[in-house]
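Each chain, written out:
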Amino acid sequence: MATAQTGIFAVGTSSHCFLEFTRRPGSEPGALVRALADLEEPHTTVGGVNLVVGVRPSLWAEVVPDGQPANARDLETPVVGVDGFAMPATQQDAWVWVAGAAPDLVFDVATDVVSALAPVATPASEVTGWSYRHSRDLTGFEDGTENPSLAKAPGVALVPDGAPGQGSSVVLVQQWVHHAERWNALAVAEQELVMGRTKADSVELDDDVLPEDSHVSRTVIEDEDGQELEIFRRNVPYGSVGEHGTMFVGLSADPRPMHRMLERMAGVEDGIRDALTRYSTPLTGAYYVVPALEALAAFVSPGEHLAGEHD
Ligand code: HEM
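All figures in this text were calculated on a predicted structure; none of them were measured in a lab.

Some thoughts on the overall build of the chain
Here is step 1 of the chain: The secondary structure content of the chain amounts to nine helices and 14 strands.
Here is step 2 of the chain: Here the C-alpha atoms of the chain give a radius of gyration of 19 Å, agreeing with the 19 Å that 2.2 N^0.38 yields for 311 residues.
Here is step 3 of the chain: With respect to the three principal axes, the spread of C-alpha positions in the chain is 60 × 40 × 40 Å.
Here is step 4 of the chain: Taking all 311 residues of the chain together, the buried fraction comes to 44%.

Some points on the site of the ligand
Here is step 1 of the chain: Lining the immediate surroundings of the ligand are 27 residues, of which Phe141, Glu146, Trp176, Thr219 and Met261 lie closest.
Here is step 2 of the chain: Secondary-structure elements contributing two or more residues to the shell around the ligand are strand S7 (169-178), helix H7 (215-219), strand S12 (244-252) and helix H8 (256-266).
Here is step 3 of the chain: Here the residues of the shell around the ligand sort into 11 nonpolar, 10 polar and six charged.

Remarks on the pairing of S12
Put simply, side chains in a regular strand alternate between the two faces of the sheet.
Here is step 1 of the chain: Counting buried positions along S12 gives eight out of nine residues, so the element sits mostly inside the fold.
Here is step 2 of the chain: When strand S10 (residues 232-233) meets S12, the two strands line up antiparallel, connected through two bridges. By the bridge assignment, Arg233 is partnered in S12 with Gly250.
Here is step 3 of the chain: Alignment of strand S11 (residues 236-239) against S12, held across four bridges, turns out to be antiparallel. Bridge pairing links Pro237 to Thr246 in S12.
Here is step 4 of the chain: With antiparallel pairing between neighbouring strands as the criterion, S11 and S12 make up a hairpin whose turn holds four residues.

A short note on the nonpolar core
Here is step 1 of the chain: In this structure, Leu36, Ala94, Val96, Val98, Val171 and Tyr288 are the most contacted members of the largest nonpolar core, which totals 70 residues.
Here is step 2 of the chain: Not counting residues up to four positions away in its chain, the partners in contact with Tyr288 are Gly54, Val55, Arg56, Trp95, Val171 and Val173.
Here is step 3 of the chain: Core analysis: the next-biggest nonpolar cluster, separate from the first, contains six residues, Phe141, Val194, Ala275 and Tyr279 among them.

Some words on unusual backbone geometry
Here is step 1 of the chain: Positive phi is not limited to glycine here, since His134 has a value of about 70°.
Here is step 2 of the chain: Tracing the chain through its elements places His134 in the loop between strand S6 (121-130) and helix H4 (153-157).

Observations regarding the environment of Met247
Here is step 1 of the chain: Tracing the chain through its elements places Met247 in strand S12.
Here is step 2 of the chain: Each C-alpha atom of the pair Met247 and Pro78 lies 18 Å from the other, and the pair is 169 residues apart in sequence.
Here is step 3 of the chain: Not counting chain neighbours up to four residues away, the residues in contact with Met247 comprise Phe18, Val127, Gly129, Gln175, Asn235, Val236 and Tyr238.

Quick look at the pairing of S7
Here is step 1 of the chain: Within S7, nine of the 10 residues are buried, which leaves it mostly tucked inside the rest of the structure.
Here is step 2 of the chain: One ladder, built from eight bridges, connects S7 with S12; its direction is antiparallel. Bridging across to S12, Gln175 finds its partner in Met247.
Here is step 3 of the chain: For S7 and strand S13 (residues 280-282), the ladder comprises three bridges, and the chain directions are antiparallel. From the neighbouring strand, Val177 faces S13, where its bridge partner is Thr281.

Comments concerning helix H6 (residues 188-195)
Here is step 1 of the chain: Inspection of H6 places Gln191, Glu192, Val194 and Met195 among the buried residues, and these make up the whole buried set. End-on, the buried residues of H6 take up no more than an arc of 155°, which puts them together on one face. Facing away from the buried side of H6 by over 90 degrees, the exposed positions are Ala189 and Glu190.
Here is step 2 of the chain: For H6, the secondary structure elements touched by its buried residues are H7.
Here is step 3 of the chain: Backbone geometry just downstream of H6 places Gly196 in the positive-phi region, at approximately 95°.

What counts, and where the lines are drawn
Residues numbered from 1 in each chain as written. Predicted model: local features only at pLDDT ≥ 70, side-chain atom pairs only at ≥ 80, totals over all residues. Helix = DSSP H or I, 4+ residues; strand = E, 2+ residues; numbered from the N terminus. Rg over C-alpha atoms; globule rule 2.2 N^0.38 Å. Buried ≥ 20, exposed ≤ 12 C-beta atoms within 10 Å, placed from the backbone. Near = placed C-beta within 6 Å. Nonpolar A, V, L, I, M, F, W, Y, C, P; charged D, E, K, R; others polar. Pairing = 2+ DSSP bridges. Core = buried A, V, L, I, M, F, W, Y, C linked by C-beta atoms within 7 Å. Contact = placed C-beta atoms within 7 Å. Arc of directions from axis to C-beta.

Any functional reading would require information beyond the geometric quantities listed.
Okay, here's the thing in structure tokens:
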């Protein structure tokens, strides 16, 4: 059985750093993948730090031609919706997510990651995240209520054994800035209509009051057989009092449902734009392949250890 990068499912960590990297001109795609594979997770798992690494889908396909999860593609063009609304495509070459129990641990590991990758890649973005009131995002709503349970999440997020890219996942990463003043000017009942759930207890609104432009209405999607299509979300709040928002981190074995959610939020599918996009704006957007540990292990330099594979 292929082994997924364990940090994908390490929920509950309160400190985060998200880094995106651009490959240095002249460095080989394989060299970047080797450098990512060599990143070493600190030895302790208790109170330690998790690393999740992702690779630009087209770059991964170049380096491991038969290891590409089905339908994994770069986010090459913005998702252009209605009313002039668009979600930007800011695809980079690599993504590293450092998550841990405390900001100092995360800072030290993220610093080491930047140094270790320096010969082959330069940081394109860096966002520091933290948990807010346990599992709420900075709109004040609970985020993740309808996520699949941890028992079910691997079935949603990971490519099954036997398929190309087995044990890997496709992640969508978007930095959303919240328009806090506008949002906080709404009454709680109005905010609930935007989200489609109650604020205090995260109960879904009844169908007869649930607006069709609510966030829940836009992101609940079904296949042709009426089966709901799920993704696994690991959203993280980021920022300061002056400017803050949500790092959207969505994982799926097949990115198509996630992309359809984006299009429905933008209004591409039926002209109805997610009300949440009137209070929050995406600043970045990219897809990455999050390879299985075995796929990365093939690139580890002699003498190096792979995350999670210490003696
Ligand atoms: C500013 C950005 C976003 C914020 C603050 C946000 C927040 C929320 C909140 C509060 C919920 C309701 C509670 C829950 O079930 O988790 C929710 C649900 C959900 N969101 Fe988002 N979200 C954002 C962006 C996105 C994006 C970009 C996608 C998809 C690509 C997405 C997909 C979903 C899905 C699938 C659900 C569950 C719907 C259900 O089954 O009821 N969200 N989100």
